[in-house]
Amino acid sequence: MADDKKTKKQLIKDLVELRRRVEEAESGCRQNAGCNENNMAAQWKLACSLDDIQDGLVLLNKLGTIIDVNQAAADIFGGSKDELIGKQFTQIGIFTQKDVPNLLSRFKDLLCGGKRELTLQITNKLGRTVHLESSVSVRKMPDGSVGIVAIVRDITERKLAEETLRESEQFSRAVIANSPLGISVRNRHGKLLSVNQAWRDIWQVPEETVREYMAAGPDELRFDNKDFSLGEWQSEVARIYREGGRVHIPELRLDNHRLGEPRWVSQTFYAINDESGQVERVVIVTNDITERKLAEEALQNNEEKYRSLFENMLDAFALHKIVLDENNTPIDYIFLEVNNAFEVQTGSIKEEIIGKTITEILPGIENDQADWIGVYGKVALSGEEIGFEQYSELLKKWYSVSAFSPKKNHFATIFTDITERKRTEDALRESEKKFKRITERIYDVIVAADLKGNILYVSPSIIRVFGYQPEELIGKKITAFAPKAEIPHIIETLQLIAVGKDVEGYHSEFIKKNSSIASVELNAVPIIEGGEIVGAQAIIRDITETKRLRELESRAARLEMAGTIAGQVAHDFNNLLAPIMAYPEFIRDELSHDHKAHAYLDAIENAANKIADINQDLLTMGRRGHYSQEVLDLNRIVLQAAQEMESRTRTVAIKMNLCKDLMKIKGGNAQIHRMLINLLVNAQDAMQDIGQITIKTEDYYANNTSVAFGRVPKGEYVKLTITDNGCGIPDKIIQKILDPFFTTKTTDKKQGSGLGLSVVDAVMKDHNGYLDLSSKVGHGTSFYLYFPATKEDTGEDDSKHLGSGTETVLIADDDDIQREVTSRLLTKIEYKVSSVESGEKAIEFLLKNPQDLLILDMVMPGGIDGAETYRRILEISPGQQAIILSGFSESDRVFEAQRLGAGAFVRKPVTKSVIAAAVRAELDRKVDKSVQTPVSVTTSK
């Protein structure tokens, strides 16, 4: 503004000088009566140099034609002097629509005399928008003509500055009005000039009161002095009002009655000077810092409490600062503060570690600490938080560590000693492992369910015991896996548990995955959570086999008692039977040949023979039969029994499938023959005298096989199977058929003593054999008899018929009896035999004692199997010849051994003829030592 005033003063001086020169020019024109426009212009130019004037000068005639212009005017209108002279003033630029009529009207008024001040806006010849301020006056020339002089000034920059200032003032007013800071303006005498809304809010002064303050004189205003004291700042604020400058008061306490409670503010005073440098106004910016002060006071009041908490907290706390190298890479950290727990847990002394780096405290561990310095450095630089568990080798303790950054380049760590917790977790984990191993391996099943019977947990043993996967049961009702008749009992059990009672020894049934029914024993206890019973936990044991064995044991006891009684009765009955069988012959000698009594004597004799047979059955059942133990060919006894049976009936066909070279058994010929007759008669009765009976014999190797009436131990047997296509035996009476005197024959059909199958059972027990059966109503019955095989023979030397030899043979079999039997068979036909009980020992033996032939058992529990043994032996003895021995069918492992080069597969139990043939065939086979080619030898009989 000061510059604008100077410019105006200079303009006035220039105009005065211009007028003087113009008047001199006019005077010169009057002296020359012949003066015209050109002469007038010439006189002007002579009177003054127009180009020396900074403002634009334009000379026009009364028609508005431009007579002359100076250079400044030509620059303003954007053309040369020659382009402007001779043109109408309205053609020197593009005027705004509102300015054109105004200019024409003003021009007409000027011709009548006078002077005009105009402000115009045009677009000049160069396309630039120009704001003009002009002073126009009319002069009469000596020749009587009228001349118009226009002084033109370019005020475009000033206009733009004014517009910018106006916008800036509007923006400033908006900022001040909406500022959260209280802003007030006073004059140099302290009179209030303006305030914003924030100022009124801070001081809680109504708008009416503000207007009163603004209307009051400066001597009447005592607002500041009344409401608070500036204290030590009073003189500084007074200086601002006198001399100007700036002062900041960081804190002031307010006790104004309108506020109701103390208020804290910070204030900044700064002065605005006028053109002369005097203080014109003082701006006061006020910030309400009450909340901050209250928070600081609260923090200060609680500092001791927090310090006490810090020092007495159980967790170790440490504050550190990261040490950086020139590349801002963390290379160490300094201890700034630690609490008492840190000293206790680490054994450190606070005064000895504060201000020191970790490498100074623990020299020589730079390498060990490098990773942790990087981790903590990342926390300090990025501000992220981390947590982890760490074992301290130095302190032999486990710690849970939390690290965070309270400020840049700093980090804090909180250490919690979790050693006991880790020990507990390790113990719990080990306990869980043990529990898992137990639950996976025990034969019992652990089940947890809620009180509605929904299954919540099932132990993995469910897979082995009942065939289900745990996930197949979880979430389902436990009653879904019980027979319908058992559901009410299960519901009753849950009701008992719901009232807090334990259930022990409860017997029920469970449906297995294969749909069979298992007998189970259940012990259950309540599950208590939060003092309430929420479910039941039970241990379920499959007692199906136990129950069956108990029934068999009970039955055996009954049979033994019945047999004992039957044996005693039969023994006494034999004495009574002797005269009945002998006297008919004596009586016959006394009678004539044609006496009618012979018929009665024949009947008595037949009855006595039948009674003798029954008595013999009783003796057999009572285990009082006496017979010699001899080596027997079961096939021969079967043929004799079949022939006898065929002689009795022509409506029953007997089909036989007898194994050649069947192993021998040891026992009594007559007893086995009678037992076979009982079985054939039983089959004939089941078919009602019409049908087919199939008899099959075979060598059989049992591997602890479970059967209907017990279990067949591991070993070699001669197996006899008798099958009929009769009516079958109902399940409910299968366990009774071996009981003495049990019969299904009624008086209106055939009468039976009920001793037939009891005798079969007794004979098998006398021969250390085992009995099994399978039956389906309407489809017939099969009886399976297992006789222990014997290797004894008649003493005939048949080695020359069996393909004997003198080669070395190694037998690898885990079964002691099998190794003994096979060794004796091969030794008898002159082979040099050695034996070991495992694949590992076979490898060890062959390293020192090469053999011509290896006989490998395929399954050897506890070590490597036959196929793996053979593979390893081939690595040390390429081309080693071998045959495979197994009680199981041919498997993938058998085929693998044969693919490697093994020869024949021989199924247990072995016989002399079979093993001799297989050994001789393998030894006679030519083997390429570089290429192993398995061969197949048929050994079935």
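Just so we're clear, the structure is a prediction, and the values are computed from it rather than from any experiment. (Residues numbered from 1 in each chain as written. Predicted model: local features only at pLDDT ≥ 70, side-chain atom pairs only at ≥ 80, totals over all residues. Heavy atoms only, no water.)

Undergrad: What's the story with the overall build of the protein in this structure? I'm lost.
TA: When helices and strands are counted, the protein shows 30 helices and 35 strands. A burial count over the protein gives 41% of its 941 residues as buried. Taking the contacts inside the protein whose residues are at least 6 apart along the sequence as the reference set, 56% of them involve residues at least 24 apart. Accessible surface, the protein: about 52,400 Å² in total, of which carbon and sulfur atoms supply 51%. (Helix = DSSP H or I, 4+ residues; strand = E, 2+ residues; numbered from the N terminus. Buried < 20%, exposed > 50% of the residue type's maximum accessible area, 1.4 Å probe, protein only. Contact = heavy atoms within 4.5 Å. Areas by Shrake-Rupley, 256 points an atom, 1.4 Å probe, with all protein chains shown as cover.)

Undergrad: Looking at this structure, I do not really get the nonpolar core. What am I missing?
TA: What tends to happen in soluble globular proteins is that the nonpolar side chains get buried as a cluster. Membership of the largest hydrophobic core comes to 40 residues, with the highest contact counts inside it found for I672 and F787. Every element with two or more residues in this core is listed here: α22 (634-648), β23 (652-657), α23 (669-686), β25 (691-702), β28 (715-724), α25 (756-766), β29 (770-776) and β30 (780-790). Broken down by element, this core gets its largest block of residues, 7 residues, from α23. When neighbours within four sequence positions are excluded, F787 is seen to be in contact with L634, I665, I672, M675, E716, Y717, V718, L720, M764 and H767. (Core = buried A, V, L, I, M, F, W, Y, C linked by side-chain atoms within 4.5 Å.)

Undergrad: What is the right way to read the sheet that holds strand β15 (residues 397-404) from this model?
TA: Hydrogen bonds between backbone groups are what pair the strands of a sheet, and the pairing can be parallel or antiparallel. Here 5 strands make up an open sheet; going across it, the order is β13-β12-β16-β15-β14 and the pairing antiparallel. One side of each edge strand has no neighbouring strand; the edge strands of this open sheet are β13 (330-338) and β14 (386-392). Between one strand and the next, the sheet's axes are offset by a mean angle of 30°, whatever the strand orientation. (Pairing = 2+ DSSP bridges. Axes fitted to C-alpha atoms, helices over the stretch in contact; angles between N-to-C directions.)

Undergrad: Quick question: what am I supposed to make of the pairing of strand β17 (residues 445-450) here?
TA: For a regular strand, side-chain orientation follows a simple rule: the groups alternate between the two sheet faces. By the criterion of burial, β17 is predominantly enclosed, with 6 of the 6 residues buried. Burial along β17 is two-sided: the face carrying V445, V447 and A449 and the face carrying I446, A448 and D450 are both buried. Note that β17 and strand β21 (residues 532-542) share 6 bridges and pair antiparallel. Pairing of I446 across the sheet is with I539, part of β21. Hairpin connection of β17 to strand β18 (residues 455-458): 4 residues between the antiparallel strands, including G453 at a positive phi of 90°.

Undergrad: Sorry if this is basic, but what is going on with the packing of aromatic side chains here?
TA: In this description, an aromatic ring pair is defined by two values, namely the gap between the centres and the angle between the planes. Scanning all chains against the criterion turns up 15 aromatic pairs. Considering the side-chain rings of Y376 and F411, the 4.7 Å spacing of their centres and the 10° angle between planes classify their relative orientation as stacked. Placement of the pair is Y376 in helix α15 (residues 366-382) and F411 in strand β16 (residues 410-417), with a sequence separation of 35 residues. On the basis of an interplanar angle of 85° and a centroid distance of 6.4 Å, the ring pair of Y717 and Y786 is categorised as edge-to-face. Highlighted residues: Y717 in strand β28 and Y786 in strand β30, separated in sequence by 69 residues. The rings of Y333, F335, F342, Y376, Y399, F411 and F415 are connected pair by pair, giving a single aromatic cluster. Above the face of the W264 ring, K293 is positioned so that its terminal group lies 4.6 Å from the ring centre. (Phe/Tyr/Trp six-rings, centres within 6.5 Å; stacked < 30°, edge-to-face > 60°. Lys NZ or Arg CZ within 6 Å of the ring centre and 35° of its normal.)

Undergrad: Even after reading the chapter, I still don't get the pairing of β13, so can you show me in this structure?
TA: As defined by bridge partners, strand β12 (residues 316-324) adjoins β13 across 7 bridges and the pair is classed as antiparallel. Its bridge partner being in β13, H320 is matched across the sheet by F335.

Undergrad: Whenever I open this one, helix α10 (residues 234-243) confuses me. Can you help?
TA: Each α-helix turn comprises 3.6 residues. Residues three or four places apart therefore point the same way. Within α10, the full set of buried residues consists of V237, I240 and Y241. With its buried residues spanning 95° around the axis, α10 presents them on a single face. Exposed and oriented more than 90 degrees from the buried face of α10 are S235, R242 and E243. Where α10 terminates, the next one or two residues include G244, which has phi positive at roughly 90°. (Arc of directions from axis to C-beta.)

Undergrad: Can you help me understand the side chain of T286 in this one?
TA: Structurally, the position occupied by T286 is in strand β11 (residues 279-288). Within the structure, T286 has its side chain in polar contact with the side chain of Q267 (distance 2.9 Å). With sequence-adjacent residues up to four places away left out, T286 is seen in contact with L181, G182, I202, W203, V265, S266 and Q267. (Polar contact = N/O pair within 3.5 Å; in protein donor to acceptor, adjacent residues only side chain to side chain.)

Undergrad: I keep staring at the pattern of salt bridges and nothing clicks. Help me out?
TA: In a structure, side chains of opposite charge can pair up when their charged atoms sit close to one another. On inspection of all chains with the given rule, the structure shows 28 salt bridges. Where D55 meets R153, a salt bridge forms, and the shortest distance between an N and an O atom there is 3.1 Å. Taken together, the residues D55 in the loop between α2 (37-47) and β1 (56-61) and R153 in strand β6 (residues 146-154) connect sequence positions 98 residues apart. Take D55 and R153: they sit in the same class, and that class is buried. (Salt bridge = Lys/Arg side-chain N within 4 Å of Asp/Glu carboxyl O.)

Undergrad: Looking at this model, I keep getting lost on the environment of R907. Mind explaining?
TA: In this fold, R907 is placed in strand β35 (residues 905-907). Residue R907 is classed as partly exposed on the basis of its relative accessible area, which comes to 40%. Sequence spacing of R907 and I884 is 23 residues, and the spatial spacing of their C-alpha atoms is 8.4 Å.

Undergrad: Before we go on, may I ask you to explain the environment of K159 in this structure?
TA: Examined against the element boundaries, K159 turns out to sit in helix α6 (residues 156-178). Owing to a relative accessible area of 31%, K159 belongs among the partly exposed residues under this scheme. The spacing of K159 and V130 is 29 residues in sequence and 9.6 Å in space, taken between C-alpha atoms.

Undergrad: Help me understand the confidence of the model for the protein in this model?
TA: One rule of thumb: low pLDDT means the predicted coordinates there are not for detailed reading. Put simply, the protein has an average pLDDT of 77, and 74% of its residues get 70 or more. Here residues 43-48 is modelled with pLDDT under 50, and outside its nearest four sequence neighbours on either side it reaches 12 contacts, counting other chains as well. Below pLDDT 50 for its whole length, residues 931-941 participates in 32 contacts with residues either more than four positions away or in separate chains. (pLDDT = per-residue confidence, 0-100.)

Undergrad: When you look at helix α19 (residues 487-498) in this model, what are you seeing that I'm missing?
TA: With 12 residues, α19 extends 17 Å from end C-alpha to end C-alpha; this agrees with the ideal 16 Å at 1.5 Å per step. Those residues of α19 lying buried are I490, T493, L494 and I497. Viewed along the axis of α19, the buried residues span an arc of 100°, placing them on a single side of the element. For α19, the exposed residues set more than 90 degrees away from the buried face come down to P488 and Q495. On the buried face of α19, the contacting elements are β17, β19 (503-511), β20 (517-529) and β21. Immediately beyond the C-terminal end of α19, within one or two residues, lies G500, with a positive phi of roughly 90°. (Expected span 1.5 Å × (residues − 1).)

Undergrad: Looking at this structure, I do not really get unusual backbone geometry. What am I missing?
TA: Peptide bonds are trans in most cases, and residues, glycine excluded, mostly fall at negative phi. Here the phi dihedral of N409 falls at roughly 70°; this positive angle occurs in a residue that is not glycine. Summarising the element assignment, N409 is placed in the loop between β15 and β16. Residue Q688 is not a glycine yet carries a positive backbone phi of 55°. With respect to the helices, strands and loops of the structure, Q688 is situated in the loop between α23 and β25.

Undergrad: What is the right way to read the sheet that holds β19 from this model?
TA: With antiparallel pairing, 5 strands are arranged side by side in an open sheet as β18-β17-β21-β20-β19. Edge positions in the open sheet fall to β18 and β19, since each of these has one partner strand only. Each adjacent strand pair in this sheet contributes to an overall mean axis angle of 30°, direction not counted. As defined by bridge partners, β17 adjoins β18 across 3 bridges and the pair is classed as antiparallel. Considered in β18, the bridge of A448 is made with Y457. Most of the contacts of α19 go to β19, to which it runs at about 145°, and overall it touches β17, β19, β20 and β21.

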